[in-house]
Amino acid sequence: AAAAPKKKEWHDWGTGATGQRLGGGQAGGSEEERRQMALKAAEERQSAPVGMSKERAAALAWQRQREDLLGRITEHYRQLGDDVPMALNAASVEQLR
């Protein structure tokens, strides 16, 4: 005989229909305090990516910054109508700044 399909169990984790707010249930606070808490939480998420070592995250941030600088410099040369220097792609982040 075929087993009847199991019903999904519904768990109420105490959050209600609205979920939880940033700050772990702290009462109120000014708009500026909530904004600062949100900024701090976002910075923590940015600095600690899930599933990645800190060394790899730092290498990716360095590469992203280098590509951003190269893009800005390339666009600047394009607007001037000049050619981008050939050695520009070999430059370090410090040199590109």
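Everything quoted here is computed from the prediction, not taken from an experiment. (Residues numbered from 1 in each chain as written. Predicted model: local features only at pLDDT ≥ 70, side-chain atom pairs only at ≥ 80, totals over all residues. Heavy atoms only, no water.)

Peer 1: Could you clarify how one ought to interpret the overall build of the protein chain in this entry?
Peer 2: Helix and strand counts for the protein chain stand at three helices and zero strands. Starting at the N terminus, the α and β elements of the protein chain follow one another as α-α-α. For the protein chain, the residues scored as buried account for 10% of the 97 residues in total. Here the analysis covers contacts within the protein chain between residues at least 6 apart in sequence; of these, 34% occur between residues at least 24 apart. Accessible surface, the protein chain as shown: approximately 9000 Å² in total, 53% of it carbon and sulfur. (Helix = DSSP H or I, 4+ residues; strand = E, 2+ residues; numbered from the N terminus. Buried < 20%, exposed > 50% of the residue type's maximum accessible area, 1.4 Å probe, protein only. Contact = heavy atoms within 4.5 Å. Areas by Shrake-Rupley, 256 points an atom, 1.4 Å probe, with all protein chains shown as cover.)

Peer 1: Even after reading the chapter, I still don't get the pattern of salt bridges, so can you show me in this structure?
Peer 2: Side chains that differ in sign of charge can pair as their charged atoms come close. Per the counting criterion, the structure on display carries five salt bridges. Across the salt bridge formed by Arg34 and Glu31, the nearest N and O atoms sit 2.7 Å from each other. Linking Arg34 with Glu31, this pair stays in helix α1 (residues 31–47), spanning three residues, or about one helical turn. Note on Glu31: relative accessible area 47%, which makes it partly exposed. In this structure, the salt-bridge partner of Glu32 is Arg35, at a minimum N-O distance of 3.1 Å. With Glu32 and Arg35 both in helix α1 and three residues apart, this pair spans about one turn of that helix. In this structure Glu32 comes out as partly exposed when scored by relative accessible area, which is 40%. The network of salt bridges with shared partners includes Glu31, Glu32, Arg34 and Arg35. (Salt bridge = Lys/Arg side-chain N within 4 Å of Asp/Glu carboxyl O.)

Peer 1: Sorry if this is basic, but what is going on with the environment of Ser47 here?
Peer 2: On the secondary structure map, Ser47 appears in helix α1. Separated by 14 residues in the primary sequence, Ser47 and Ala61 have C-alpha atoms spaced 9.8 Å apart.

Peer 1: Which parts of the structure should I look at to understand the side chain of Arg66?
Peer 2: Structurally, Arg66 can be placed in helix α2 (residues 54–80). Within the buried set, Arg66 has no salt-bridge partner at all; the shortest N-O distance to an opposite charge, 6.5 Å, is to Glu67. (Lys, Arg positive; Asp, Glu negative; His and termini not counted.)

Peer 1: Looking at this structure, I do not really get the nonpolar core. What am I missing?
Peer 2: Counting residues in each nonpolar core, the largest one holds seven residues, listed as Leu69, Leu70, Ile73, Leu88, Ala91, Val93 and Leu96. Of all the secondary structure elements, the ones that give two or more residues to this core are α2 and α3 (93–96). Tallying contributions element by element places α2 first for this core, with three residues. In this structure Leu69 touches Val93, Leu96 and Arg97, once residues within four positions along its chain are discounted. (Core = buried A, V, L, I, M, F, W, Y, C linked by side-chain atoms within 4.5 Å.)

Peer 1: When you look at α2 in this model, what are you seeing that I'm missing?
Peer 2: Given 3.6 residues to a turn, an α-helix orients residues that are three or four positions apart in the same direction. Its 27 residues place the ends of α2 39 Å apart at the C-alpha level, agreeing with the 39 Å of an ideal helix rising 1.5 Å per residue. Residues of α2 that are buried include every one of Ala57, Arg66, Leu69, Leu70 and Ile73, and no others. Against α3 lie the buried residues of α2. Following α2 by one or two positions, Gly81 has its phi on the positive side, about 85 degrees. (Expected span 1.5 Å × (residues − 1).)

Taken by themselves, the reported measurements are silent on function.
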